[in-house]
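Structure at a glance
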Amino acid sequence: MKIFLDTANLESIKKFNDMGLLDGITTNPSLMSKEGGNPKDVMAEITKIIKGDVSLEVVSTEYSGMIEEGKRLRQYGKNVVVKVPMTPDGLKACKSLSSEGIPVNVTLVFSPNQALLAAKSGAKYVSPFIGRLDDIGQDGMHLIKEIKQIFTNYNFGTQILVASIRHPMHVVDAAKIGADVVTLPPTVLDKMLQHPLTDTGLENFLSDWKKLKAGI
Ligand code: G3P
């Protein structure tokens, strides 16, 4: 399973990229806005740091604007994936950009049928938002199971990019289902690194070694 970081924060991107953990990045207008500054500089920097796919999202809501913005976003690098919303215009843009060889991530997917339609439109990725479904009392992970079954049944090449992840168990469950990608907020990736037994184990190793009063 690939791991993407769901952020526009350059410090976090560099931190986890230096550990060799990142297969890609996803951003959205809210994440860009959270970082402030000039988004053009941020997008240029992210695409320079990361070799894998970087999803950059359009803000137009109609077809021609999406195409124009998608092409401009693609100028930031060959690894740019254009993110479009799951709307009729978004799917039309998905078909058009995909057929020109520009990969597309269809975002704001909340049902198996939306995922099916995005795959039919030629999307490289579909982004089901599981945390936001959990937030309204639905089972976000069940949606991942349904999409996985549909894509397997019909051999769709579209990858399931599990988004709106809230905690490390979401990652374990997505991996058990066989999702292609999880995109993680930096806080979740930080939590995945940690275990209290690792901390106490290391403390004990170091205090036992000190007793030797020797160097390595
Ligand atoms: O990148 C889209 C998605 O991951 C957003 O998550 O936490 O705003 O629901 P969230």
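Just above, that's the structure.
Read on for a plain summary of the structure.

Conventions used here
- Residues numbered from 1 in each chain as written.
- Predicted model: local features only at pLDDT ≥ 70, side-chain atom pairs only at ≥ 80, totals over all residues.
- Heavy atoms only, no water.
- Helix = DSSP H or I, 4+ residues; strand = E, 2+ residues; numbered from the N terminus.
- Contact = heavy atoms within 4.5 Å.
- Areas by Shrake-Rupley, 256 points an atom, 1.4 Å probe, with all protein chains shown as cover.
- Buried < 20%, exposed > 50% of the residue type's maximum accessible area, 1.4 Å probe, protein only.
- Pairing = 2+ DSSP bridges.
- Right-handed = clockwise from strand over helix to strand, strands pointing away.
- Core = buried A, V, L, I, M, F, W, Y, C linked by side-chain atoms within 4.5 Å.
- Near = heavy atom within 4 Å.
- Polar contact = N/O pair within 3.5 Å; in protein donor to acceptor, adjacent residues only side chain to side chain.
- Nonpolar A, V, L, I, M, F, W, Y, C, P; charged D, E, K, R; others polar.

Looking at the overall build of the protein
The helix and strand inventory of the protein stands at eleven helices and eight strands. The principal-axis extent of the C-alpha atoms belonging to the protein is close to 70 × 40 × 30 Å. Taking the contacts inside the protein whose residues are at least 6 apart along the sequence as the reference set, 57% of them involve residues at least 24 apart. In the structure as shown, the protein presents an accessible area of about 11,500 Å², 55% of it carried by carbon and sulfur atoms.

Here's the deal with the pairing of strand β8 (residues 181–184)
Neither face of β8 is open: one carries Val181 and Thr183, the other Val182 and Leu184, and all of them are buried. As defined by bridge partners, strand β1 (residues 2–6) adjoins β8 across four bridges and the pair is classed as parallel. The residue bridging Lys2 from the neighbouring strand is Val181, located in β8. Bridge count between strand β7 (residues 159–162) and β8: two bridges; the pairing is parallel. When the bridges of β8 are listed, Val162 appears paired with Val182. Traced from β7 through helix α9 (residues 168–177) to β8, the parallel crossover comes out right-handed.

Quick word on the pairing of β7
Of the two faces of β7, the one holding Gln159 and Leu161 and the one holding Ile160 and Val162 are both buried throughout. Strand direction decides the pairing type here: strand β6 (residues 125–128) and β7, joined by two bridges, are parallel. When the bridges of β7 are listed, Val126 appears paired with Ile160.

Digging into the nonpolar core
Core analysis: the largest hydrophobic core is formed by 54 residues, its most contacted members being Val106 and Val162. Broken down by element, the residue count for this core peaks at five residues, all from helix α8 (residues 140–153). The residues contacting Val162, other than those within four sequence positions of it, are Pro128, Ile130, Ile144, Ala174, Ala179, Val181, Val182 and Thr183. Counting five residues, the second-largest nonpolar core is a separate cluster that includes Phe4, Val81, Tyr125 and Leu161.

Here we look at the site of the ligand
Surveying the vicinity of the ligand reveals the residues Asp6, Asn28, Lys83, Phe129, Arg132, Ala163, Ser164 and Arg166. Asp6 is positioned such that a nitrogen or oxygen atom in its side chain is 2.5 Å from an oxygen atom of the ligand. Here an oxygen atom of the ligand and a side-chain polar atom of Arg132 are 2.7 Å apart. Residue composition of the shell around the ligand, by class: two nonpolar, two polar and four charged.

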